[in-house]
Amino acid sequence: MAKYAILIYEDQAFYANASPEVWGAVLDAHNAFAEQVVELGGSLEAGEALAPTTTATTIKGGGPVTDGPFVETKEAFGGFYVVEARDLDHAVEIARLCPAPGGGVEVRPVMDPTAGPS
Amino acid sequence: MLAATVRVTGDLDVAEECAQEAYVSALRTWTRDGVPQRPGAWLTTAARNHAVDRSRREVTLRRKLPLLVEPATVDPHDPTDPDRPEAAVPDDRLRLVFTCCHPALAPEARVALTLRLVCGVPTPDVARAFLVPEPTMAARITRAKKKISAARIPYRVPGRAELPERLDSVLTAVHLLFSTGHTAGEGDALVRAELCDRALHLARTLAALLPEQAETRGLLGLLLLTDARRATRTDEQGRLLLLADQDRTRWDQRAVLEGLTVTAGALASGPPGRFTLQAAIAGVHAVAPSLERTDWPRVVHLYDRLLAVWDTPVVALNRAAAVAFADGPAAALPLLDELAGDPRLAGYPYLPATRADLLRRVGDAAGAAESYRRALELTANAAERAFLEQRLAEVGRAAEPAPPDPGEPRDAP
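Because the structure is predicted, anything quoted here is derived from the model rather than measured.

Moving on: the sheet that holds strand S2 (residues 43-49) of chain A. To summarise the sheet geometry, strands pair through backbone hydrogen bonds and adopt either a parallel or an antiparallel arrangement. Residue and element names in this part refer to chain A. Spatial strand order, S2-S5-S1-S6: 4 strands in an open sheet with antiparallel pairing. Two strands in the sheet have a free side with no partner beyond their single neighbour: S2 and strand S6 (103-109). Pairs of neighbouring strands in the sheet enclose a mean axial angle of 20°, with direction left out of account. Relative to strand S5 (residues 75-85), S2 runs antiparallel, the two being bridged by 6 bridges. Residue pairing in the sheet places Glu48 in a bridge with Phe80 of S5.

Okay, structure coming up:
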């Protein structure tokens, strides 16, 4: 098994305009996802949702502090999971079920820093 | 041999080195004792032995080796079960093809990796095939191998549920390999025989190993029927000959017959996919006694079905070229006007080339000349340039009517 991060990128306008029902449905989908990971033979190691990029503060190269996210994009990084999966196909199978109604997800292997740069 | 060695090493780089070591020891042993009865098996065993030696030596480093080999989920009905000894070697090769053509790799990297690792083509030759500098190709291959190990792209044939989608990526890579050899993007040799041969061999292997997947046979049929015309695609000077001007008696009849048989089998296996439909179109051309006596309504019908499963502007362009033969060039010109607005065809030389040919056939010499010039601006292949320049000179002179252009099916992206 290996660790993969599932990074969620979504259009923040989707949530800014979402009704309480939609919000509730997305939360339910995330709760269901946590169970589906286990059903698929993976395991959920961690996961967090982030507040919108309007709340972000950036410090580039240890320099001055600025308002806003590190990179301005339409679909912003909004949350992540860390899962254990057998290989990339298994991780993709899991990631396909990860709710991201306002965008999509990126799967990235988690690096083992003791093995050196890959 | 590489595929068999990867199973021992679990690492592509190490497997390649072991394979090279095996060749070195073969040279030494065979010059001393003579060539063994089964040199291929000898080499595979030698490479595996080198691999086993290495992994013993490097047992402390094993932790760092990328783990390519995963224990397969056991399926008693799985025909690719690695424990079936008779299936071991081709199955290894199939796994390697699926690893090299994984959709998580960039498409150009998939074809390059397949050539390098499945076909054993040296990196400088792979670079030449794709007209990129050798360091660029070496970096591309290295990057893809690193992703295979870091992201743990599995070394296995996908399960039944995923297979059709994943197989498409494999078939596309093999088709692209063939197309690269069939019509070089630039340079002087129109046909690079070796790439075509590699692609045909791979298509044959896939059709033999996954016969229940009709599209493997569709691809094999398409390649056979296209390749049957290889000897007639250029004249003695290496200039491009279109379907109209090719000597049909010199088409490889054995390849045509095999291609038709394979394609018929694929068509009989259910709703045809895009490779099977393209093979069927190539089959109609292969049995036509001449360009004029081709069953053009059937070609148009097959293009309609192809558009239904694979809607690309290039397929639509080829359909328009077929309509020009079925219903006359005037009927096809409006279809080309529609396609001219598609940004995906901007810079595609066959669009102005087809337009030029239709205008020439309806007698608009000035319009044809303009479109031939536009096509020339976009074409880098020397053989195709020579053809277009000749046509431009002909319409420029407004000379006697030249034989019509065939609208030969083009390889679509």
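Residues and elements named next belong to chain B. Predicted confidence across chain B gives a mean pLDDT of 81, with 77% of residues reaching 70 or more. At the level of individual helices and strands, chain B shows its lowest average pLDDT in helix H3 (residues 39-57), which scores 66, and its highest in helix H10 (residues 214-227), which scores 97. Confidence drops under a pLDDT of 50 for residues 57-88, and excluding neighbours within four residues, the segment shows 38 contacts in the predicted structure. Across residues 407-413, where pLDDT falls below 50, the model places 28 contacts with residues more than four positions away in sequence or in other chains. Taken over the whole predicted complex, pTM reads 0.71, whereas the ipTM for its chain interfaces reads 0.83.

Right, let's get into the nonpolar core. Nonpolar side chains tend to gather and get buried jointly when the protein is soluble and globular. Core analysis: the biggest nonpolar cluster contains 77 residues, and Ile6 of chain A together with Leu96, Phe98, Leu113, Val174 and Leu223 of chain B have the highest contact counts within it. Leave out the neighbours within four places in its chain, and Phe98 of chain B touches Arg156, Val157, Pro158, Leu163, Arg166, Leu167, Val170 and Leu210 of chain B. Grouped together as the second largest cluster of nonpolar side chains are 46 residues, Trp296, Phe325, Tyr372 and Leu388 of chain B included.

Another aspect to go through is the UniProt feature "domain: YCII-related" (unreviewed entry) in chain A. Per the UniProt record, the feature "domain: YCII-related" (unreviewed entry) sits at residues 3-112 of chain A. Across residues 3-112 of chain A one finds 31% helix and 36% strand; the C-alpha atoms that close the span lie 9 Å apart.

It is worth spelling out the pairing of strand S1 (residues 2-11) of chain A at this point. All names here are of chain A. Taken across its 10 residues, S1 has 8 buried, putting it largely inside the fold. Note: S1 against S5, 10 bridges, orientation antiparallel. Among the inter-strand pairings, Ile6 is bridged to a residue of S5, identified as Tyr81.

With that settled, the discussion passes to the domain arrangement of chain B. Residues and elements named next belong to chain B. The domains assigned to chain B are domain 1 (1-64 + 88-157), domain 2 (192-305) and domain 3 (312-399). A separation of 23 Å is found between the C-alpha centroids of domain 2 and domain 3. Across the contact, 12 residues belong to domain 2 and 12 residues belong to domain 3. Taking both sides of the interface into account, the surface hidden between domain 2 and domain 3 amounts to around 1100 Å²; carbon and sulfur atoms contribute 76%. Summed over the shared surface of domain 2 and domain 3, the result is 1 salt bridge. A salt bridge links Asp304 to Arg319; the nearest nitrogen and oxygen atoms lie 2.5 Å apart. Joining domain 2 to domain 3, the criterion identifies 1 residue pair in polar contact (both at pLDDT 80 or more). When grouped by side-chain class, the residues that make up the side of domain 2 that touches domain 3 number 8 nonpolar, 1 polar and 3 charged.

All chains considered together, the criterion is met by 6 aromatic pairs over all chains. A ring pair is formed by Tyr9 of chain A and Phe77 of chain A, whose centres lie 5.5 Å apart and whose planes are at 45°; its orientation type is tilted. Here Phe77 of chain A lies in strand S5 and Tyr9 of chain A lies in strand S1, a separation of 68 residues in the sequence. On the basis of relative accessibility, which here comes to 33%, the residue Phe77 of chain A falls in the partly exposed class. Between Tyr15 of chain A and Trp23 of chain A the ring centres are 5.7 Å apart and the planes differ by 90°, which places this aromatic pair in the edge-to-face class. Taking the relative accessible area as the measure of exposure, Trp23 of chain A reaches 45% and is therefore partly exposed. Among the aromatic residues, ring-to-ring pairing joins Phe14, Tyr15 and Trp23 of chain A into one connected group. In this structure, Lys60 of chain A is placed above the aromatic ring of Phe70 of chain A, and the distance from its NZ or CZ to the ring centre is 4.6 Å. The ring of Phe325 of chain B carries the charged tip of Arg361 of chain B above its face, separated from the ring centre by 4.3 Å.

Reading guide: rules and limits
- Residues numbered from 1 in each chain as written.
- Chains lettered and ligands numbered in written order.
- Predicted model: local features only at pLDDT ≥ 70, side-chain atom pairs only at ≥ 80, totals over all residues.
- Heavy atoms only, no water.
- Pairing = 2+ DSSP bridges.
- Helix = DSSP H or I, 4+ residues; strand = E, 2+ residues; numbered from the N terminus.
- Axes fitted to C-alpha atoms, helices over the stretch in contact; angles between N-to-C directions.
- pLDDT = per-residue confidence, 0-100.
- Contact = heavy atoms within 4.5 Å.
- Core = buried A, V, L, I, M, F, W, Y, C linked by side-chain atoms within 4.5 Å.
- Buried < 20%, exposed > 50% of the residue type's maximum accessible area, 1.4 Å probe, protein only.
- UniProt positions renumbered as here; feature names shortened; annotations may be inferred.
- Domains from an automatic or database assignment.
- Buried area = accessible area lost by both parts, 1.4 Å probe.
- Salt bridge = Lys/Arg side-chain N within 4 Å of Asp/Glu carboxyl O.
- Polar contact = N/O pair within 3.5 Å; in protein donor to acceptor, adjacent residues only side chain to side chain.
- Nonpolar A, V, L, I, M, F, W, Y, C, P; charged D, E, K, R; others polar.
- Phe/Tyr/Trp six-rings, centres within 6.5 Å; stacked < 30°, edge-to-face > 60°.
- Lys NZ or Arg CZ within 6 Å of the ring centre and 35° of its normal.

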